[in-house]
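Coordinates in review
Here's the letter readout for the chains.
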Amino acid sequence: MTEAMPQFQLIEPSTVDEAVAALQDAPGAVLCAGGTDLVVQLRQGLSDPGTLVNLSGVAALSTVEETNKGLRVGAGVTLAEIAGMEAVANGYPAVAKAAQSVAGPSHREVATLGGNLCLDTRCVYFNQSHWWRKSNSFCLKNRGDICHVAPKGNRCRAAFSGDMAPALMVHGAEIEIAGANGVRRIALADFYHEDGAEHINLEPCEIVVAAHLPPPGPTSDYEKIRVRGSIDFPLAGVAVACNKLDDGTAQFTVAVTGTNSKPLLVELPGDLNAEEPNDAFFATLEKQVQKAVSPQRTTTIAPHYRRLSVSALTVRLAEGLL
Ligand SMILES: Cc1cc2nc3c(=O)[nH]c(=O)nc-3n(C[C@H](O)[C@H](O)[C@H](O)COP(=O)(O)OP(=O)(O)OC[C@H]3O[C@@H](n4cnc5c(N)ncnc54)[C@H](O)[C@@H]3O)c2cc1C
């Protein structure tokens, strides 16, 4: 059962500076981009901000620039646009494929890159109506004291389930963040924490303004498992990039979503001789991925199934890229 929308003040800035100033003027204000996740949260009573700052009128967030330094994609660019961009499909295939796999077609027309990277973590005990959560005494992520997934632990285990982050991470993406003290740029992998209640590294008045991809290099691919094949969050998603070197070896980079409170880059065994793909290498790769991830009871699908799926997907993608 969904609740009525809460009352809020709506601010509609037209520049990034105005958006930052709006956040400063109204402590606790929440940013809204496409609204595809946020509006559901508002209707479920998971967020009740007095002020919403609507980013859709900030034209500077919707630009894409291709230079010899790579590709800069504004946070307000929609996932449908990203999925359809030739520069993305040719230079960063995993990114195009991840964008194409988010939610359903109508979501992707308005869902933005920034909203996807800043997506809240998800859990069966959190993404529920107010009355459902109240009858369970709420949870550590929202109004409660206990994480029902891991009651003896001291942190929230909700899982990050955005598709775009791992695909960007295997290509070494950075993100650009604007705030009251100017602009900073960090590796996307450093943007996240392993804590479901506080998983992103953003100060209160900061906004993600763009993602930067270095010039194309490795080839890549992305795949996910989900309950409904046509529209759903990843129960587990994997991006793999493969860099084939002149000496005949191949280097892989793997990043995973849906299994932890943050998207994670997986530490891998050494290089593979690309001309002689070797079973021992892929067996080690499979084990390393299984060891790195920690799926919990945050979805109705068993953690062990998600752990095995993520490693099997990794091997399938890696073999396909050779
Ligand atoms: C039925 C359904 C299925 C879905 N399936 C998927 C899926 O398969 N994969 C997936 O990844 N997602 C999925 N989603 C979630 C969501 O649609 C996407 O993640 C989408 O990309 C979010 O973007 P948005 O612009 O709509 O974000 P919003 O809903 O507007 O915002 C999401 C969060 O990001 C914050 N935010 C937005 N922009 C910025 C910014 N520039 N700087 C800082 N913070 C910002 C907001 O404050 C909010 O907390 C699904 C949602 C629904 C309802």
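Residues numbered from 1 in each chain as written. Predicted model: local features only at pLDDT ≥ 70, side-chain atom pairs only at ≥ 80, totals over all residues. Heavy atoms only, no water.

1. What about the overall build of the protein?
Regarding its fold elements, the protein presents 11 helices and 13 strands. Rg of the C-alpha trace for the protein: 20 Å, near the compact-globule value of 20 Å for 322 residues, within the 12% margin. For the protein, the spread of C-alpha atoms along the three principal axes comes to 60 × 45 × 35 Å. The buried share among the 322 residues of the protein stands at 49%. When contacts within the protein are restricted to residue pairs at least 6 apart in sequence, those whose partners lie at least 24 apart make up 63%. Surface accessibility of the protein: about 14700 Å² in total, with carbon and sulfur atoms responsible for 49%. Where the 26 positive side-chain charges of the protein centre and where its 35 negative ones centre are 10 Å apart. (Helix = DSSP H or I, 4+ residues; strand = E, 2+ residues; numbered from the N terminus. Rg over C-alpha atoms; globule rule 2.2 N^0.38 Å. Buried < 20%, exposed > 50% of the residue type's maximum accessible area, 1.4 Å probe, protein only. Contact = heavy atoms within 4.5 Å. Areas by Shrake-Rupley, 256 points an atom, 1.4 Å probe, with all protein chains shown as cover. Lys, Arg positive; Asp, Glu negative; His and termini not counted. Charge placed at Lys NZ, Arg CZ, Asp CG, Glu CD.)

2. Some words on the site of the ligand
Close to the ligand lie 34 residues, the nearest being Leu 31, Thr 36, Thr 112, Asp 163 and Asp 232. Between an oxygen atom of the ligand and a main-chain N or O atom of Asp 37, the distance comes to 2.9 Å. Taking 970 Å² as the accessible area of the ligand by itself, protein coverage stands at 91%. Secondary-structure elements contributing two or more residues to the shell around the ligand are strand 2 (30-32), helix 7 (113-117) and strand 8 (207-213). Considering only residue class, the shell around the ligand consists of 19 nonpolar, 11 polar and 4 charged. Each of domain 1 (1-54) and domain 2 (63-118 + 159-321) contributes no fewer than three residues to the shell around the ligand. (Near = heavy atom within 4 Å. Polar contact = N/O pair within 3.5 Å; in protein donor to acceptor, adjacent residues only side chain to side chain. Nonpolar A, V, L, I, M, F, W, Y, C, P; charged D, E, K, R; others polar. Domains from an automatic or database assignment.)

3. Quick look at the sheet that holds strand 2
An order of 1-3-2 is seen for the 3 strands of this open sheet, with the pairing classed as parallel. Unpaired on one side and paired on the other, strand 1 (9-11) and strand 2 mark the two borders of the sheet. Strand-to-strand twist of the sheet, defined as the mean angle between neighbouring strand axes without regard to direction, takes the value 30 degrees. Relative to strand 3 (residues 51-54), strand 1 is paired through 3 bridges, and the arrangement is parallel. Residue pairing across strands places Gln 9 opposite Thr 51, the latter belonging to strand 3. (Pairing = 2+ DSSP bridges. Axes fitted to C-alpha atoms, helices over the stretch in contact; angles between N-to-C directions.)

4. Regarding the side chain of Thr 249
Secondary-structure assignment places Thr 249 in strand 11 (residues 249-257). You can call Thr 249 buried: its relative accessible area is 17%. For Thr 249, the side chain forms a polar contact with the side chain of Asp 247, separated by 2.6 Å. Apart from the residues lying within four places of it in its own chain, the contact partners of Thr 249 are Asn 243, Lys 244, Asp 271, Leu 272, Asn 273 and Ala 274.

5. Examining helix 1 (residues 16-25)
For helix 1, the complete set of buried residues consists of Val 16, Ala 19, Val 20, Ala 22 and Leu 23. Taken down its axis, helix 1 places every buried residue within 155 degrees of arc, on the same side. Away from its buried face by more than 90 degrees, helix 1 exposes Asp 17 and Asp 25. Those residues of helix 1 hidden inside the fold are in contact with strand 1, strand 2, strand 3, strand 6 (174-179) and strand 8. (Arc of directions from axis to C-beta.)

6. Overview of the pairing of strand 5 (residues 70-74)
Within strand 5, 5 of the 5 residues are buried, leaving the element largely enclosed by the surrounding structure. As judged from the 4 bridges shared by strand 4 (residues 64-67) and strand 5, these two strands associate in the antiparallel manner. Paired with Glu 66 across the two strands is Leu 71, which belongs to strand 5. Hairpin remark: strand 4 followed by strand 5, antiparallel, with 2 residues in the connecting loop. In terms of strand pairing, strand 5 meets strand 8 through 4 bridges, oriented antiparallel. If you follow Arg 72 over to strand 8, its bridge partner there is His 212.

7. A few points about the domain arrangement of the protein
We note that the domain assignment places domain 1 (1-54) and domain 2 (63-118 + 159-321) within the protein. Of the roughly 820 Å² buried between domain 1 and domain 2, counting both surfaces, carbon and sulfur atoms make up 81%. Contact with domain 2 buries surface across domain 1, with Val 20, Leu 23 and Thr 36 losing the most and accounting together for 44% of the total. Joining domain 1 to domain 2, the criterion identifies 0 residue pairs in polar contact (both at pLDDT 80 or more). For the side of domain 1 that touches domain 2, the leading source of residues is helix 1, giving 5 residues. Class assignment for the residues of the side of domain 1 that touches domain 2 results in 6 nonpolar, 3 polar and 1 charged. (Buried area = accessible area lost by both parts, 1.4 Å probe.)

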